[in-house]
Structures are given as structure tokens and as C-alpha cells.
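Listed below, chain by chain, are the residues.
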Amino acid sequence: ATPTALMVGTGRSARMGILIKNGEVLEAVNDVKTVIFDKTGTITVGKPQVTDVIGDTSTVLKIAASLEASSEHPLAAAIMKKAKDDDLKFTKATNFKAIQGKGVEATVAGKHAFVGNEKLLADVAIQAEIRSKMTTLQKEAKTVVFVGQENQVIGLIAIQDAPKKTSKAAIHALKSRGLKTVMLTGDNEAVARAVADQVGIDQVVADVLPSDKADQVRSFQTTGRVAFVGDGINDAPALSTADVGIAMGSGTDIAIESGGIVLVKNDLRDVDRALELSRKTFNRIK
Ligand code: ADP
Ligand code: MG
């Protein structure tokens, strides 16, 4: 590849809202065999909404909001919005602690309280009725968090984040090229599977702790070059480990810095457009 051809390739892509850091990145895209996607904010819009509350609604929401007021997680934003919309009064919890990939815990009204997934509930029993409600909600592609006090679950909050309108077409285009598509997420298997089915993704790797995302990318690299597409702080190591890191323009600064390609329009169809551009650039000059 001549430097001029590369500049033509990256200049044209920039006008389309696809920022490619350099010619090596543009060339590497051409050889990608697997495209791995983060879920929240990448495949989905990233603006989760509370859809269901199981248990005494206002008590469950008040306790959850007391804790989530100190969290920066997208799920926390959904819960805070619901508490605000319902005009609930609550006080901010003390001794707040965020546990990556699991949830949050703190003290509310002198009692230990928590909001999070099953991994957070090491020695808390889940009532059969609660568990069956959880399963139903998860099959509807909703992320379910437990809200509890001391050693008891007092309710559930279901939160839904819809896929972006263009995600399905984007996945279809990549599969038509013979590429393998994978979703990598910290969310639960049932939810991940439901979202993957909505957009047509082949394979799901769920319940992945943020610290394990890069290792997951490495394991796919044994069968060829991997592109990883993500937006979060959590995704930065995976973005730098992949042969091609593709960050959403709406993503956190650290994700954008770690990516070799930035999708300014946050449209996953631009992954396929970058591939097409690479193919044209490198086939023309060989
Ligand atoms: P993702 O890969 O989808 O961005 P994360 O690693 O950020 O996922 O979170 C994984 C899971 O951890 C969430 O689906 C949720 O169950 C739990 N979790 C993390 N942070 C919070 C929080 N602030 N409140 C409730 N649950 C949380
Ligand atoms: Mg994300």
C-alpha cells in the first residue's frame, strides 16, 4: 500500500464519520475474522429504562435510589430517573461501595443494603417466587437487579435497554461477509441471549467481569484476527488487545483513546463500511 492510497482511504472515511487512526489500522480491518461487540451502549442505545418493579414499589425504589445516587453505572441512571419521575423522597446512603460487574452496597437507615445481580448475593437466599419472576423478565431481554436489606431480598427492578435501530442490519452485513459475530457482556446469560437474538448475533459470552474482557478477546484471536467494538471504561483493555479496536464516538474518553477506529455516528453499520473501505483501498493497489 502506498502512503497516498492510505490517505485517500482514511480521508474518505473521515468524511463518512469513520475516524481511522492510521493506515495499519485500515489494513488490519481487511483480515478480521471475528467481530466482538460489547452490549450496553454499543449494540443497545445505552439509555436503560426501568420497566418493572417487583415487591413494594416505593420501598424498593427508595432503597435502590439511596444507593444508586452514588453510582455512575447506566443502570443507576435508570433507577434514579424512575425515582425522580415517581417523585420519591429518599436520603443518600452512607458507606457506599461499588463492586465491579456485581452491583453496589451501602448503609441505608442504619441497615446494610444492596442492589445488584446474583453474584453480589453470595449468602442471601432467593425466594422461589422471586426467582421465577426474574427468569420471566430476563427472557423479555430485561436486566434484573435484586434490591435487598441485611440478608433478605425485598424486591426486583427490571431495566430494559433497546437495541439501536441499525444494529440488526449491521450484524446482518457482517455475517453476509462470512464473519463471526459475538456479544461479550457483564450482563446475565438470559438477557444477553435475548438481546443477541433480537439483532442476530451468533454467539454470546455473558457474565464476563470487566477484568476478563481482554482475556476473552485473546481466546478468539486463536482463530484469526479480531475486531472489538465497545464504548465503556470497562472496554478499554479489550479495545487495545483486539487487532482492531473500534470505539463508539459517544463512548468514554478512555475507550476512544484505546480504539484504532472511532465511529462518530455511533452507527454499527459503519463497521461494515470500514471493512469495505479497507477492501477497496488494499485491493486497488496490490
Ligand atoms: P456491561 O458489560 O453490560 O457494560 P457491567 O460489567 O458494567 O456490564 O455490569 C454487569 C452487571 O453488574 C450488570 O448487569 C448488573 O447486574 C451489575 N451491576 C453493575 N453495577 C451496578 C449498579 N450500579 N447497580 C446495580 N447493578 C449493577
Ligand atoms: Mg458498554
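To be clear, the structure that these remarks concern was listed above.
Keep in mind that what you see is a predicted model, and the values were worked out from it rather than measured. (Residues numbered from 1 in each chain as written. Chains lettered and ligands numbered in written order. Predicted model: local features only at pLDDT ≥ 70, side-chain atom pairs only at ≥ 80, totals over all residues. Heavy atoms only, no water.)

**Q** Hey, could you run me through the overall build of the protein in this one?
**A** From N to C terminus, the protein includes twelve helices and 13 strands. Computed over its C-alpha atoms, the radius of gyration of the protein comes to 21 Å, within 12% of the 19 Å expected for a compact globule of 286 residues. The C-alpha extent of the protein, read off along each of the three principal axes, is 70 × 30 × 30 Å. Counting over 286 residues, the protein shows a buried share of 49%. For the protein, the proportion of contacts with a sequence separation of at least 24, taken over those separated by at least 6, is 59%. (Helix = DSSP H or I, 4+ residues; strand = E, 2+ residues; numbered from the N terminus. Rg over C-alpha atoms; globule rule 2.2 N^0.38 Å. Buried < 20%, exposed > 50% of the residue type's maximum accessible area, 1.4 Å probe, protein only. Contact = heavy atoms within 4.5 Å.)

**Q** For this particular structure, what's the right way to read the coordination of the magnesium ion (ligand 2)?
**A** Ideal geometry at a metal gives 109.5 degrees between four tetrahedral donors and either 90 or 180 degrees between six octahedral ones. Protein coordination of the magnesium ion (ligand 2) is provided by Asp38 (OD), Thr40 (O) and Asp231 (OD), with donor distances spanning 2.2 to 2.3 Å. Ordering the donors of the magnesium ion (ligand 2) by residue number gives the pattern D-x1-T-x190-D. With Asp38 in strand S2 (residues 32–38) and Asp231 in the loop between strand S11 (225–230) and helix H10 (236–241), the pair connects residues that are 193 residues apart, well separated along the chain. For the residue pair Asp38 and Asp231, the accessibility class agrees, reading buried in each case. (Donors = N, O, S within 2.8 Å, 3.2 Å for Na, K, Ca; no water.)

**Q** How should the sheet that holds strand S4 (residues 94–99) be read in this particular structure?
**A** In a beta sheet, neighbouring strands are held together by backbone hydrogen bonds and run either parallel or antiparallel to one another. Read from one edge of the open sheet, six strands run S3-S8-S7-S6-S5-S4, paired in antiparallel fashion. The open sheet has two edge strands, strand S3 (49–54) and S4, and neither has a second partner. Here the strands of the sheet are splayed against their neighbours by 20° on average, with no regard to which way each runs. (Pairing = 2+ DSSP bridges. Axes fitted to C-alpha atoms, helices over the stretch in contact; angles between N-to-C directions.)

By themselves, these figures tell us nothing about what the structure is for.
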